[in-house]
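Inside the fold
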Amino acid sequence: MKLFTAFFFIIITLGSCSPAAKFRKDKSAFDASKTIQSFKAVADMNDSYFELKENNFFEFYRQLFDSVKNTSFPGRYTMKGDTMMLKFYDQKGGVLLLGSKAIVHGNKKEIVFFK
């Protein structure tokens, strides 16, 4: 019985630390936030989108052949001068794909990501 209790406690602890659990708290505010600015990168099969939303939210997602989203990485950002500090709910989005910082060049309508 002690083994079962310990196993159950570990599963609950890991589940509460997951990116999905962190995002669940902010999901209603995220869904209610309107898109302020949108950026698109076109590739052969996957198009990538980065959307800035109200309330300091953002979303990076990909679409296969202009269909439904096949990956989505939401997060929050803070501004430090002209640099956006990105905090993804799922760290894969920042570490593997985009980076943790971005600069928006409004006059060129482009965004630059870096680590």
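An account of the accompanying structure is given in this report.

The subject of this paragraph is the sheet that holds strand S3 (residues 57–64). Strand-to-strand pairing in sheets goes through backbone hydrogen bonds, with the strands running parallel or antiparallel. Read from one edge of the open sheet, seven strands run S1-S2-S3-S4-S5-S6-S7, paired in antiparallel fashion. Of all strands in the sheet, those with a lone pairing partner are strand S1 (35–41) and strand S7 (110–114), marking the two edges. Strand after strand, the sheet turns through a mean of 30 degrees between neighbouring axes, direction not considered.

So, about the packing of aromatic side chains. Counted by the stated rule, this structure contains six aromatic pairs. Centroid distance Phe58 to Phe88: 4.9 Å. Interplanar angle 85 degrees. Geometry classified as edge-to-face. Of this pair, Phe58 sits in strand S3 while Phe88 sits in strand S5 (residues 83–88), and the two are 30 residues apart along the sequence. Residue classification places Phe88 among the buried positions, given a relative accessible area of 3%. Arranged with centres 6.4 Å apart and planes meeting at 20 degrees, the rings of Phe60 and Phe73 form a pair that is stacked. Taken together, the residues Phe60 in strand S3 and Phe73 in strand S4 (residues 69–80) connect sequence positions 13 residues apart. For the pair formed by Phe60 and Phe73, the shared burial category is buried. Ring pairs connect the aromatic residues Phe50, Phe58, Phe88 and Phe113, which therefore count as one cluster. Lys53 extends its terminal NZ or CZ atom over the ring of Phe30, reaching a point 4.9 Å from the ring centre. Across the ring face of Phe57, the terminal group of Arg76 is positioned such that the distance to the ring centre comes to 4.1 Å.

Conventions adopted
In this convention, every chain numbers its residues from 1, walking through the sequence in written order. For a predicted model such as this one, the threshold for reporting local features is a pLDDT of at least 70, and the threshold for listing and counting side-chain atom pairs is 80 or more; totals across whole chains, interfaces and linings nevertheless cover every residue. To get the side-chain values, all heavy atoms of the structure are used, and hydrogens and water are removed first. Between any two strands, at least two bridges found by DSSP are needed for them to pair. Numbering of helices and strands starts at the N terminus; helices are DSSP runs of H or I of at least 4 residues and strands are runs of E of at least 2. Every axis corresponds to a line fitted to the C-alpha atoms, with the helix fit spanning only the stretch in contact, and the corresponding angles, defined between N-to-C directions, vary from 0 to 180 degrees. In this scheme Phe, Tyr and Trp rings, the latter by its six-membered ring, pair at centre separations within 6.5 Å, and the angle between planes marks the pair as stacked below 30 degrees, edge-to-face above 60, and tilted otherwise. Here's how the labels work: a residue is buried when its accessible area is under 20% of the maximum for its type, exposed when over 50%, partly exposed in between, all with a 1.4 Å probe on protein chains only. Placement of a positive charge over a ring is assigned whenever Lys NZ or Arg CZ falls within 6 Å of the ring centre and within 35 degrees of the normal to the ring plane.

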